[in-house]
Amino acid sequence: MDSQLSGGFLKHTLFPPSNFIPSSITLSNGINVSHNAIGVVEITPPKADKAIVVSSGIHGDETAPIELVDDLVSSILDEAFRPTTRLLFIIAHPDAIHAHTRFIEENLNRLFAVKNPVRNKECELANELQAQVQTFFAKGCEEPWHFDLHSAIRASKHYMFGVVPASSKATDVRPLVGFLKASHMDAVMLSRTPSSTFSWYSAEKFGAMAATFEMGRVARLYENDMGEFVPLREALVALMCSEALPAPSSEKGFSSYKVTRTITKTDDAFNLAFSDDAANFTYFAEGEELAEENGTVFSAIAGGEAVVFPNSKVAIGQRAALLVQPFEPDLSEPLYVNVEREPGPIAYSANHSRSLS
Ligand SMILES: [Zn+2]
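The model shown is predicted, which means the values in this text are computed figures rather than measured ones. (Residues numbered from 1 in each chain as written. Predicted model: local features only at pLDDT ≥ 70, side-chain atom pairs only at ≥ 80, totals over all residues. Heavy atoms only, no water.)

What to know about the environment of Ile-301
No. 1: Mapping Ile-301 onto the fold places it in the loop between strand E14 (296-299) and strand E15 (305-308).
No. 2: As for Ile-301 and Lys-47, which are separated by 254 residues in sequence, their C-alpha atoms are 50 Å apart.
No. 3: Excluding anything up to four places from it in sequence, Ile-301 contacts Thr-260, Arg-261, Glu-286 and Gln-325. (Helix = DSSP H or I, 4+ residues; strand = E, 2+ residues; numbered from the N terminus. Contact = heavy atoms within 4.5 Å.)

Written out as structure tokens, the structure reads:
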């Protein structure tokens, strides 16, 4: 092949030649492998029924997903399996991976709302990734999917969970929920407000079945227990090969949540009523205090609420916590993840979106 990829996708991404130029080859099984950019490999079979983005390394210290993506690309190059879907594999932020850090200057996963003025490396990367994904989805009319793979940076009552962004597109996400179950994830969280994450970008701009996966715990490269990711890998390969998905786990349950509220910090006086390192999905009974800011107290609403991604140290105007409640969707009906409305069988914002875009 492409001698550039023969040493591995991750190695090339971390130690690219100074004279990189895009190249492509066709494997003996008819699969085209195109090395579009440093950290971006595109797979094109002769015929495809889905177009799937699998991204990793948006946060440089979340390394298990990076190893998984590297392994999947190697397996395709070795012809260990033959995809029947178009694929775009991404290892996003080599500088942050080298530095063992989440980001260098700015959180890359907040930079997908607009084309960014280039004030730092993350802005440059976000613009490049937006362009790669746009070109990838524009090439065909297959069903668009996007898995943006992350590792959790805090303890969680659910070890592996998917966050489905709210979007104004009428995308029935039941197949995505089915995939999360097939990959033996522990939970799904259906969002309520638009965000500026990579998975939101694909959901909002292209109507993709998109989710951010929060998995396991942060560890150094090659110090991850990749055994934890075997069910996800098997489900991904099945989806990529248009095969039946594995059965859900018979041992562990699967929980569904909807976001009820976002707590936003509006002043330096903001305080959470619990520790910043509280585990994701820590539950608070109705009336229990969650946060306080200049005399305004936030308490859990009727039915209680669980807290996800709490952080009192965010900048003023940013999200300090998400609050969620268990939610059992009726999967005999479509499931839309609506903006500022309940998730459910009615796509409230589908018409609204046309006037927005
Ligand atoms: Zn992350």
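Section: the domain arrangement of the chain
By a widespread convention, an interface's size corresponds to the accessible area lost as its parts come together.
No. 1: According to the domain assignment, the chain contains domain 1 (4-240) and domain 2 (263-356).
No. 2: Centre-to-centre, using C-alpha coordinates, domain 1 lies 26 Å away from domain 2.
No. 3: If you look at the interface, domain 1 gives 27 residues, while domain 2 gives 31 residues.
No. 4: Taken together, the two surfaces of domain 1 and domain 2 that pack against each other cover about 2,300 Å², and 63% of this comes from carbon and sulfur. (Domains from an automatic or database assignment. Buried area = accessible area lost by both parts, 1.4 Å probe.)

As for the nonpolar core
No. 1: Counting 53 residues, the largest nonpolar core has Phe-89, Phe-147, Phe-179, Phe-213 and Met-240 as its most contacted members.
No. 2: In terms of residues, this core owes the most to one element, helix H2 (residues 64-77), which gives eight residues.
No. 3: There are two domains that each give this core at least three residues, and those are domain 1 (4-240) and domain 2 (263-356).
No. 4: Ranked by size, the runner-up nonpolar core spans 24 residues in total, among them Ala-92, Leu-108, Leu-111 and Trp-200. (Core = buried A, V, L, I, M, F, W, Y, C linked by side-chain atoms within 4.5 Å. Buried < 20%, exposed > 50% of the residue type's maximum accessible area, 1.4 Å probe, protein only.)

Focus: the coordination of the zinc ion
No. 1: Around the zinc ion, the protein contributes the donor atoms His-59 (ND1), Glu-62 (OE), Glu-62 (OE) and His-150 (ND1), at 2.0 to 2.4 Å from the metal centre.
No. 2: Taken together, the four donor atoms coordinating the zinc ion span angles of 57 to 149° at the metal, a pattern that classifies the geometry as irregular.
No. 3: Expressed as a motif, the donor residue spacing for the zinc ion is H-x2-E-x87-H. One end of the pair, Glu-62, is in the loop between strand E4 (50-56) and H2; the other, His-150, is in strand E6 (residues 143-152), and 88 residues separate them in sequence. (Donors = N, O, S within 2.8 Å, 3.2 Å for Na, K, Ca; no water. Tetrahedral: all angles 85-135°; square planar, octahedral: opposite > 155°, others 65-115°.)

Remarks on the pattern of salt bridges
No. 1: Taken as a whole and judged by the stated rule, the model has 13 salt bridges.
No. 2: Notably, a salt bridge pairs Glu-305 with Arg-261, separated by 2.5 Å at the nearest N-O pair. Pair noted here: Glu-305 is in strand E15 and Arg-261 is in strand E10 (residues 255-264), with a separation of 44 residues, a long-range link.
No. 3: By relative accessible area, which is 0% here, Glu-305 ends up buried.
No. 4: Each of Glu-42, Arg-86, Lys-139 and Glu-142 takes part in one network of salt bridges that share partners. (Salt bridge = Lys/Arg side-chain N within 4 Å of Asp/Glu carboxyl O.)

Quick look at the pairing of strand E9 (residues 209-217)
No. 1: Within E9, eight of the nine residues are buried, leaving the element largely enclosed by the surrounding structure.
No. 2: The pairing of E6 with E9 spans eight bridges and is classified as parallel. When the sheet's bridge partners are listed, Trp-145 is paired in E9 with Met-209.
No. 3: Note that strand E7 (residues 160-164) and E9 share four bridges and pair antiparallel. Directly across from Met-160, in E9, lies its bridge partner Met-215. (Pairing = 2+ DSSP bridges.)

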